[in-house]
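Observations on the three-dimensional arrangement
Single-letter residue listing:
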Amino acid sequence: MSYQSMPDVLIVGGGASGLMAAVSAGRRGKSVLLLEQGDRAGRKLLITGKGRCNVTNNCGLDTLMANILQNPRFLYSAFAAFSPQDTMAFFEAAGVPLKTERGGRVFPVSDRAADIADALLRECRKAGAQFAQGKAVSLILEDGRTAGVCCEDGTAYWARSVILCCGGCSYPVTGSDGSGWALAEQAGHSRTDIRPSLIPILTEEDDPREMMGLSLKNVTLTVAEGEREIFSELGEMLFTHFGVSGPLALSASAHMRTLGTKRARPYQMRIDFKPGLTAEQLDKRLLRDFSGELNRDMIHSLGALLPRKSIPVMLRRAGIPFEVKVRDLTREQRRLLVGAIKGFTLTPKAFRPVAEAIVTAGGIPVKEVSPKTMASKLSEGLYFAGEMLDVDAYTGGFNLQIAFSTGYLAGISAAD
């Protein structure tokens, strides 16, 4: 086994939280070593926001807290230490101009996630952080204190403080393979049930397959659990060969906590293709559209109102034969068509594999971690940040903000 010199702070994992921890610890004048198992740090950042990187959300504390799904109160100190406005100021100062889009979502003006990752790496180096490649497989524990890690190749890294920023188990090709929880367990930590969050949804119905590739804008998705409505939001979504994806579906998935488990309750999704129109207004719109094409078949008469791929599906749901002439459409058939458009129902049956989730829900129980420092309550010298913790949020930049805030707080705490 080879032994390396002792930095003040050893950070295991080079994702968003690990990089921010390295910056904050290094800026406090401490020696920092960041250990990353992959060939480059920040790989998961490169695929966030479809390659654009929704870096944070330009909002106040109340809105931020309202968008945290799990253990929001635990994050008060982290958000107070490093807010969305601090995140924005950090990247602007690092040479990455930002812009705010719908819903407060913040992106680099360049729409390049690589600019965010590169800026973090630059700031790490400016702060004096050093990098090493290796996969940590065990903690070095001395009298209840975490004193370093041992790697798969036999290299041992000793440090005065160790921050685990190993991520969850989504997108394992980026290094988030769940191995960090095994390290934490060696120090006596437990782990909650792990489940996907912000993930595409499989449906019982085959209609999405027929509409595969159809992207909807300005539709409303509502989700009910039994008789209780648990989610309703206006936005964008996508039909796929297995079901639905896109921002609305991903956000909705975070509310379906029991889907695919033995505790699952009946869920139903309802899409309103025309939320800006009441049923009565939509009926009048149909009559206007139909007035100039009374001799056309119904299958060819809805192009001005609906996406082409959705027309056969809508007609089938309304029980209207494709070849029926517009002039022969009855009032009842028109009512059923309006109902299909305003209330397109789908039955969720499962999530895609957790490896495809944007974030992993669950992790180190927050009762085992100090919210004011991100320090372990079980092992001196050990800290946590990011997706390893049992905290997660909606889409919109909130999960990256959790990573930056907890990483920043862990970094300054480990350095002090």
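Residues numbered from 1 in each chain as written. Predicted model: local features only at pLDDT ≥ 70, side-chain atom pairs only at ≥ 80, totals over all residues. Heavy atoms only, no water.

1. Description of the packing of helix α1 (residues 16–26) against helix α5 (residues 113–126)
One can describe the packing of α1 onto α5 by two numbers: an axis separation of 8 Å at closest approach and a directional angle of 30°. One way to sum up the angle between α1 and α5 is to call them roughly parallel. Classified by chirality, the crossing of α5 by α1 is left-handed. Note on element contacts: α5 touches α1 through L120, L121, E123 and C124, opposite L19, M20, A22 and V23. (Axes fitted to C-alpha atoms, helices over the stretch in contact; angles between N-to-C directions. Helix = DSSP H or I, 4+ residues; strand = E, 2+ residues; numbered from the N terminus. Parallel < 35°, antiparallel > 145°, perpendicular 65-115°, else oblique. Left-handed = near helix turned anticlockwise from the far one by under 90°. Contact = heavy atoms within 4.5 Å.)

2. Re the environment of D297
Following the sequence through the fold, D297 ends up in the loop between α9 (279–290) and α10 (311–318). Expressed as a C-alpha distance, the spacing of D297 and D272, which sit 25 residues apart in the sequence, is 24 Å. Setting aside chain neighbours within four positions, we find D297 in contact with F322, E323, V324 and K325. Among the polar contacts listed, one links the side chain of D297 to the side chain of K325, at a separation of 2.8 Å. (Polar contact = N/O pair within 3.5 Å; in protein donor to acceptor, adjacent residues only side chain to side chain.)

3. Comments concerning the sheet that holds strand β4 (residues 56–57)
Read from one edge to the other, the open sheet built from three strands follows the order β4-β6-β5, with strand pairing classed as antiparallel. One side of each edge strand has no neighbouring strand; the edge strands of this open sheet are β4 and β5 (98–100). Bridge count for β5 against strand β6 (residues 105–108) is three bridges, and the pairing is antiparallel. Across the sheet, T100 pairs through a bridge with V106, a residue of β6. (Pairing = 2+ DSSP bridges.)

4. Some thoughts on the nonpolar core
If you look at the biggest cluster of nonpolar residues, it comprises 83 residues, and the most contacted ones within it are F91 and L164. Top contributing element to this core by residue count: helix α12 (residues 398–415), with ten residues. Counting 46 residues, the second largest nonpolar core, distinct from the first, contains L216, V223, L315 and L329. (Core = buried A, V, L, I, M, F, W, Y, C linked by side-chain atoms within 4.5 Å. Buried < 20%, exposed > 50% of the residue type's maximum accessible area, 1.4 Å probe, protein only.)

So far we have only geometry, and geometry alone does not tell us how the molecule works.
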